[in-house]
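# Structural features, examined
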Amino acid sequence: MEIWRAPTQIKNAYTTRPDWDQALKVWEGSASVQPDKAYESASPARDVSQERLTVFLPYTAVVVSGDRLRLRGHMYEVDGEPERWDHTSRRHLKLAIWRALR
């Protein structure tokens, strides 16, 4: 698994967003990946499928909510802030990640 971060921002009159063309790999290593849910949003306006996963990373991994993760050739977005589990001898980070399938 790889963690990617976009260091610069693209600004226009309406918004500021990450420039993913300039993204840098900030961490690479092993992770435990567990299925969360996969669902389709059936509305007349959208026909979207999402894949959601739960990821457990080493406690020393560097990840923030705006990062993206590369897993099995696909890019996933971090959903929310990483949870730090540091109360036992098995310290780790817990992330929720997702990607749109279509």
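All residue numbers refer to positions counted from 1 along the written sequence of the respective chain. Predicted model: local features are reported for residues with pLDDT of at least 70 only, side-chain atom pairs are reported and counted for 80 or more only, and whole-chain, interface and lining totals are derived from all residues. Neither water nor hydrogens contribute to the side-chain values; these are computed over all heavy atoms in the structure.

For the purposes of this section, nonpolar cores are sets of buried Ala, Val, Leu, Ile, Met, Phe, Trp, Tyr and Cys residues that join through side-chain atoms within 4.5 Å. In this scheme, a residue with accessible area under 20% of its type's maximum is buried, one over 50% is exposed, and one in between is partly exposed, where area comes from a 1.4 Å probe on protein chains only. Residues L57, V63, L69, L95 and I97 are the most contacted members of the largest nonpolar core, which totals 15 residues. Within the residue set of this core, elements represented by two or more residues are β6 (47–58), β7 (68–71), β8 (74–78) and β10 (92–100). The contact definition used throughout considers only heavy atoms, calling two residues in contact when any of these lie within 4.5 Å. Setting aside its immediate chain neighbours within four residues, I97 contacts E51, R52, L53, V55, L69, Y76, E77, V78 and D79. Secondary structure elements are taken from DSSP: a helix is a run of H or I of four residues or more, a strand is a run of E of two residues or more, and numbering for both begins at the N terminus.

On to the pairing of β7. Going residue by residue along β7, you find L69 and L71 tucked away on one face and R68 and R70 left uncovered on the opposite face. As paired elements, strand β1 (residues 2–5) and β7 share three bridges and run antiparallel to each other. Looking at β7, one finds that W4 is bridged to R68. Pairing between strands requires that DSSP locate at least two bridges from one strand to the other. Bridge count between β7 and β8: four bridges; the pairing is antiparallel. Bridge pairing in β8 places L71 opposite H74.

When you line up the elements, V63 lands in the loop between β6 and β7. Setting aside its immediate chain neighbours within four residues, V63 contacts I3, R5, L57, V78, P82, L93 and L95.

The subject of this paragraph is unusual backbone geometry. Within the chain, R72 stands out as a residue other than glycine whose phi angle is a positive 50°. Relative to the assigned elements, R72 resides in the loop between β7 and β8.

What follows deals with the pattern of salt bridges. For salt bridges, the criterion is a side-chain nitrogen of Lys or Arg within 4 Å of an Asp or Glu carboxyl oxygen. Counting across every chain of the model gives seven salt bridges. Across the pair D67 and R5 runs a salt bridge whose closest N-O atoms are separated by 2.8 Å. Residue D67 is found in the loop between β6 and β7, and its partner R5 is found in strand β1; the two are separated by 62 residues along the sequence. Residue D67 is classed as buried on the basis of its relative accessible area, which comes to 2%. Here E28 makes a salt bridge to K25, at a shortest N to O gap of 2.9 Å. By relative accessible area, K25 is classed as partly exposed at 40%. Ionic contacts of the salt-bridge type, sharing partners, join the residues E2, K25, E28 and R70 into one network.

Where burial is concerned, the two faces of β10 differ: the one with L93, L95, I97 and R99 is buried and the one with H92, K94, A96, W98 and A100 is not. As defined by bridge partners, β8 adjoins β10 across two bridges and the pair is classed as antiparallel. Its bridge partner being in β10, V78 is matched across the sheet by I97. Across three bridges, strand β9 (residues 83–85) lies against β10 in antiparallel orientation. Directly across from E83, in β10, lies its bridge partner K94. Linking β9 to β10, which pair antiparallel, is a turn of six residues.

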